[in-house]
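Structure at a glance
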Amino acid sequence: MAREGATSAYRERNSTADRALDILLLFSADKPVWSAGDIAAGLGVARSTGYRYLQSLVANGFIEETVGGFRLGPRIFELARLARAGIGLSEVALPVMRTLAQEVGETVLLTRRSGRSVVCLDLVEAAHAVRLTYDRGHVLPINAGAAAEVLLAWADPAEVVRVLGREPLERFTAKTLTDPDELRARLVRIRKRGVAVSQGELDEHILGVAAPIRDGSGAVCAAISIAALAARVPRSRLREVENAVRDAAHAISGQLELRSA
């Protein structure tokens, strides 16, 4: 019975999300304002049901009331701004990422932090028989791996305290840092060094090297990193890889600064 109830609730959540998306997709340049009755008719539901969905969207800023009905709200425009920023970042970063992947012969990732997670915005794979399992949209933890640590190292100190203190950090291998104080100490060292190097924190066999990317205002907005099988990057070559990743981050940052000028 408990399993059936959980399944029912899950389906209801999906149904509500689908209805919300259906409402948002009604708006167009030809018809930017819709009345509650028109929206209900467009969904094929009772007016009271349509209004219930509308109130949820209004409460979260996705839709706002105006003369004649409802229009898209400020939250939509903020999401659009973030989407455009992400696309612009990838456009600038990809040529540099391809050059870096060719130079070091390893997979290159472009990542951005979102709360307690790190999201892969884009990647360039290296031509190896054994490939690493990363994809666009792949979500990584905040406390394991070079890219995550770089993004956290340059975050606002108050935000770091909030992120690390909200709930226990997850352990993935014996090398994963789960003590917030130890992780904060590592972040200090990363800021001094300008680059993060991790091995075996998320996967025992993976080496990561990451550097921060800065936007036009100078704030760290993303990270560029390489992810490689540790056996393919001997210690004698590590400094060369660090310098290549750092140079790639500077090149992308420079392009973003030019775009904002």
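First, a word on scope: everything that follows refers to the structure included in this document. Predicted model, so just to flag it, every value in this text is computed and none were measured. By convention here, each chain's residues receive numbers from 1 onward along its written sequence. This being a predicted model, a pLDDT of at least 70 is required before a residue's local features are given, and a value of 80 or more before pairs of side-chain atoms are given or counted; all residues contribute to the totals for chains, interfaces and linings. Side-chain measures were taken over the full set of non-hydrogen atoms in the model, leaving aside hydrogen atoms and water.

Okay, helix H6 (residues 157-165) next. Given 3.6 residues per turn, any residue in an α-helix points the same way as the ones three and four places further on. Three or more residues of H6 are buried, namely Glu 159, Val 160, Val 163 and Leu 164. The buried residues of H6 all sit within an arc of 120 degrees when viewed along its axis, so they share a single face. Away from the buried face of H6 by more than 90 degrees, exposed residues Ala 158 and Gly 165 are located. By definition in these notes, contact holds between two residues if any of their heavy atoms fall within 4.5 Å. The secondary structure listing takes helices from DSSP runs of H or I that are at least 4 residues long and strands from runs of E that are at least 2 residues long, numbered from the N terminus. Those residues of H6 hidden inside the fold are in contact with strand E3 (107-114), helix H5 (146-153) and helix H7 (180-193). Partly exposed describes any residue whose relative accessible area lies between the buried limit of under 20% and the exposed limit of over 50%, with all areas from a 1.4 Å probe on protein chains only and scaled to the type maximum. By construction, the arc corresponds to the directions joining the helix axis to the C-beta atoms.

The subject of this paragraph is the packing of H6 against H7. At their nearest, the axes of H6 and H7 sit 11 Å apart, and the two run at 145 degrees to each other. As H6 packs across H7, the resulting crossing turns out to be right-handed. Here Val 160, Val 161 and Leu 164 of H6 come into contact with H7, specifically with Pro 180, Leu 183, Arg 184 and Leu 187. For the contact of H6 with H7, a count of residues per class yields six nonpolar, no polar and one charged. Throughout, an axis means a line fitted to C-alpha atoms (over the contacting stretch in the case of helices), and angles, computed between N-to-C directions, take values from 0 to 180 degrees. Crossing handedness follows the turn of the near helix against the far one: under a right angle anticlockwise gives a left-handed crossing, and clockwise gives a right-handed one. Note that Gly is not counted as nonpolar here; it falls among the polar residues with everything else outside the nonpolar set of Ala, Val, Leu, Ile, Met, Phe, Trp, Tyr, Cys and Pro and the charged set of Asp, Glu, Lys and Arg.

Quick look at the packing of aromatic side chains now. Two rings from Phe, Tyr or Trp (for Trp, the six-membered ring) form a pair when their centres are within 6.5 Å of each other. A pair whose planes differ by under 30 degrees is stacked, one over 60 is edge-to-face, and the rest are tilted. Following the criterion strictly, the structure yields zero aromatic pairs and no others. Only lysine NZ and arginine CZ atoms are considered, and such an atom sits over a ring when it is within 6 Å of the ring centre and within 35 degrees of the ring normal. Here the basic side chain of Arg 52 rests over the ring of Tyr 53, its NZ or CZ set 5.6 Å away from the ring centre.

Our next topic: the pattern of salt bridges. The term salt bridge refers to a pairing of a side-chain nitrogen on Lys or Arg with a carboxyl oxygen on Asp or Glu at a separation within 4 Å. Counted under the stated rule, the structure contains ten salt bridges. In this structure, the salt-bridge partner of Asp 181 is Arg 184, at a minimum N-O distance of 2.7 Å. Taken together, the residues span about one helical turn, with Asp 181 and Arg 184 both in helix H7 at a distance of three residues. For Arg 184, a relative accessible area of 30% corresponds to the partly exposed category. With a closest N to O distance of 2.2 Å, Glu 201 and Arg 186 form a salt bridge. Here Arg 186 lies in helix H7 and Glu 201 lies in the loop between strand E6 (196-199) and strand E7 (206-214), a separation of 15 residues in the sequence. With relative accessibility at 3%, the residue Glu 201 sits in the buried group.

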